[in-house]
Amino acid sequence: MLRTALFRLSQSGIICRTAAIDASRRHSTRLTVIERHLGKQGCVSIQHTRSMATAGDSKGKGAGEESPKQEVKFLGQEEAQKIDQELFNEYNYSVDQLMELAGLSCATAIAKTYPVSTLKNSDDPTVLICCGPGNNGGDGLVCARHLKLFGYFPSVYYPKRSEKQLFKNLTTQCELMDIPFLNHLPSPQLIDQAYSFVVDAIFGFSFKGELRPPFKEVIPTLKELSIPICSIDVPSGWHVENGDPNGLQPEMLISLTAPKKCAKLFKGKYHFLGGRFVPADLEKKYELSLPQYPGTDCILQLKH
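Description of the structure in this document. The model shown is predicted, which means the values in this text are computed figures rather than measured ones.

**As for the overall build of the protein chain**
From N to C terminus, the protein chain includes 11 helices and 8 strands. Counting across all 304 residues of the protein chain, residues that qualify as buried make up 45%. Taking all contacts inside the protein chain whose residues are at least 6 apart in sequence as the whole, residues at least 24 apart take part in 68%. Accessible surface, the protein chain as shown: approximately 16500 Å² in total, 50% of it carbon and sulfur.

**Some remarks on helix H7 (residues 135-149)**
For H7, built from 15 residues, the straight-helix expectation of 21 Å at 1.5 Å per residue is met to within 8% by its first-to-last C-alpha distance of 21 Å. For H7, the buried fraction is high: 12 of the 15 residues fall into the buried class. Regarding H7, the residues found buried are Asn136, Gly137, Gly138, Asp139, Gly140, Leu141, Val142, Cys143, Ala144, Arg145, His146 and Leu147. Following H7 by one or two positions, Gly151 adopts a phi angle in the positive range, close to 105°.

**Focus on the pattern of salt bridges**
A pair can form between side chains of opposite charge whenever their charged atoms are brought close. Following the criterion strictly, the structure yields 7 salt bridges and no others. Measuring nitrogen to oxygen at the nearest pair gives 2.9 Å for the salt bridge that ties Lys73 to Glu79. Residue class for Glu79 comes out partly exposed when judged on its relative accessible area of 23%. One salt bridge in this structure joins Lys168 and Glu163, with 3.5 Å as the shortest N-O distance. On the accessibility criterion, Glu163 (63% relative accessible area) is exposed.

**A few points about the side chain of Ser236**
Summarising the element assignment, Ser236 is placed in the loop between strand S5 (229-232) and strand S6 (252-256). According to the relative accessible area criterion, Ser236 is buried, its value standing at 1%. At 2.4 Å, the side chain of Ser236 forms a polar contact with the side chain of Asp200. Here the side chain of Ser236 touches Phe203 through a polar contact of 2.9 Å, landing on its backbone nitrogen. Setting aside anything within four residues of it in sequence, one finds Ser236 in contact with Asp200, Ile202, Phe203, Ile219 and Leu248.

**Section: the pairing of S5**
Residue alternation in S5 divides its side chains into two sets, Ile229 and Ser231 and Cys230 and Ile232, and both sets are buried. In this sheet, S5 lies alongside strand S4 (residues 197-201) in parallel orientation, the contact comprising 3 bridges. Across the sheet, Asp200 pairs through a bridge with Ser231, a residue of S5. As defined by bridge partners, S5 adjoins S6 across 3 bridges and the pair is classed as parallel. What sits directly across from Ser231, in S6, is Leu253.

**Structural notes on unusual backbone geometry**
A cis amide bond links Pro213 with the next residue in sequence, Pro214, at an omega value of 5°. Following the sequence through the fold, Pro214 ends up in the loop between S4 and helix H10 (215-223). Residue Asp233 is not a glycine yet carries a positive backbone phi of 70°. On the secondary structure map, Asp233 appears in the loop between S5 and S6. Backbone geometry at Glu287 places phi at a positive 50°, although glycine is not the residue there. Inspection of the secondary structure assignment puts Glu287 in the loop between helix H11 (280-285) and strand S8 (299-302).

**Here we look at the packing of aromatic side chains**
According to the stated counting rule, one finds 4 aromatic pairs in the structure shown. Summarising the aromatic geometry, the rings of Tyr152 and Phe197 are spaced 6.1 Å apart at their centres and angled 70° between planes, so their arrangement reads as edge-to-face. Taken together, the residues span a long stretch of sequence, with Tyr152 in the loop between H7 and strand S2 (153-157) and Phe197 in strand S4 at a distance of 45 residues. Accessibility assignment for this pair places Tyr152 and Phe197 in one class, buried. On the numbers, 5.2 Å between centres and 70° between planes, the contact of Phe203 with Phe215 is edge-to-face. Remark: Phe215 occurs in helix H10 and Phe203 occurs in the loop between S4 and H10; sequence separation between them is 12 residues.

The rules behind the values
- Counting starts from 1 at the beginning of each chain's written sequence and moves along it residue by residue.
- Under the rules for a predicted model, residues below a pLDDT of 70 receive no local features and side-chain atom pairs below 80 are neither given nor counted, while totals for whole chains, interfaces and linings still include all residues.
- Computation of side-chain values covers all heavy atoms of the structure but excludes hydrogens and water.
- Strands are runs of DSSP state E lasting at least 2 residues, helices are runs of H or I lasting at least 4, and numbering of each runs from the N terminus.
- Only protein chains enter the accessibility calculation, which uses a 1.4 Å probe. A residue is then buried if its area is under 20% of the maximum for its type, exposed if over 50%, and partly exposed in between.
- Pairs of residues are marked as contacts when any of their non-hydrogen atoms sit within 4.5 Å.
- Each accessible area is a Shrake-Rupley estimate made with a 1.4 Å probe; only the visible protein chains count as cover when residues are assessed.
- The span one expects for a helix is its residue count, reduced by one, times 1.5 Å.
- Criterion for a salt bridge: a side-chain nitrogen of Lys or Arg within 4 Å of a carboxyl oxygen of Asp or Glu.
- Counting of polar contacts relies on pairs of N or O atoms within 3.5 Å, with two restrictions inside protein: one atom must be capable of donating a hydrogen and the other of accepting it, and residues adjacent in sequence are counted only when both atoms are side-chain atoms.
- By this definition, two strands are paired if DSSP reports at least two bridges between them.
- Each aromatic pair joins two rings of Phe, Tyr and Trp (for Trp, the six-membered one) with centres within 6.5 Å, and gets the label stacked for planes under 30 degrees apart, edge-to-face for over 60, and tilted for any other angle.

Here is the structure:
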């Protein structure tokens with residue numbers, strides 16, 4: 001019924017034929033705007049379209065039955081990389097688009113967990129963001145900018161800056177918002193005294209191998225801190241699948257797109273999922289079983 005209606009609309013020039021075919025494939029079980037319109041005109045039964053939508057949303061469960069809740073999938077390194085590449089190459093997302101969404105998700109989760117009013121120095125809510133040279137570091141720069149807008153006073157330690165224009169732009173944005181960049185990492189004692197918490201945005205799921213300078217010295221410093229550490233996607237230095245029981249142990253982890261396998265070994269207090277940008281078809285293809293985000297929120301707290 002929907003395919004026929006879409007074909008007629010394409011024939012009349014209201015929508016292009018390619019879009020009609022694509023829409024019929026992607027939305028054959030959903031109550032679309034077109035279906036609602038046709039239903040009002042008496043061309044399609046609203047009851048029929050609603051039953052199709054319900055069947056699609058319930059994933060095959062019968063009336064009055066609840067389908068068994070599937071556990072969210074934890075990704076290995078290779079699968080996480082494939083999903084990123086499909087987002088870039090198939091869905092034509094740009095790196096800065098996803099970085100902005102990821103960084104905003106991180107800042108939102110942090111602000112929800114550590115509100116300014118609850119910090120030890122609520123009149124001077126200073127936070128330290130440690131950024132690496134890759135995309136995880138870019139997420140950290142975006143996070144710093146949004147935390148500043150949320151009322152925090154972030155400082156950034158970014159010892160190995162990327163020469164890519166995207167990262168130069170992110171750095172400039174922070175600098176023009178009066179976010180200071182540190183020339184060196186303070187001692188653990190000074191960090192504990194000067195800041196309320198630290199955001200770990202050094203390495204993400206692409207990390208492998210041994211730590212090298214300057215980060216070989218950074219991770220041991222962070223391990224000595226008594227203030228909370230919030231890691232973005234993967235605690236820096238961890239094997240993306242096997243973790244590191246002797247490595248950094250953050251109080252908070254913000255998984256992006258979907259949790260990585262190492263997140264099963266996370267023993268901190270707060271685990272959030274962020275980055276509400278995964279298309280439904282991509283989620284289905286990789287069987288991610290992502291939980292439903294509440295309302296318009298871009299983050300969701302996961303239970304352990």
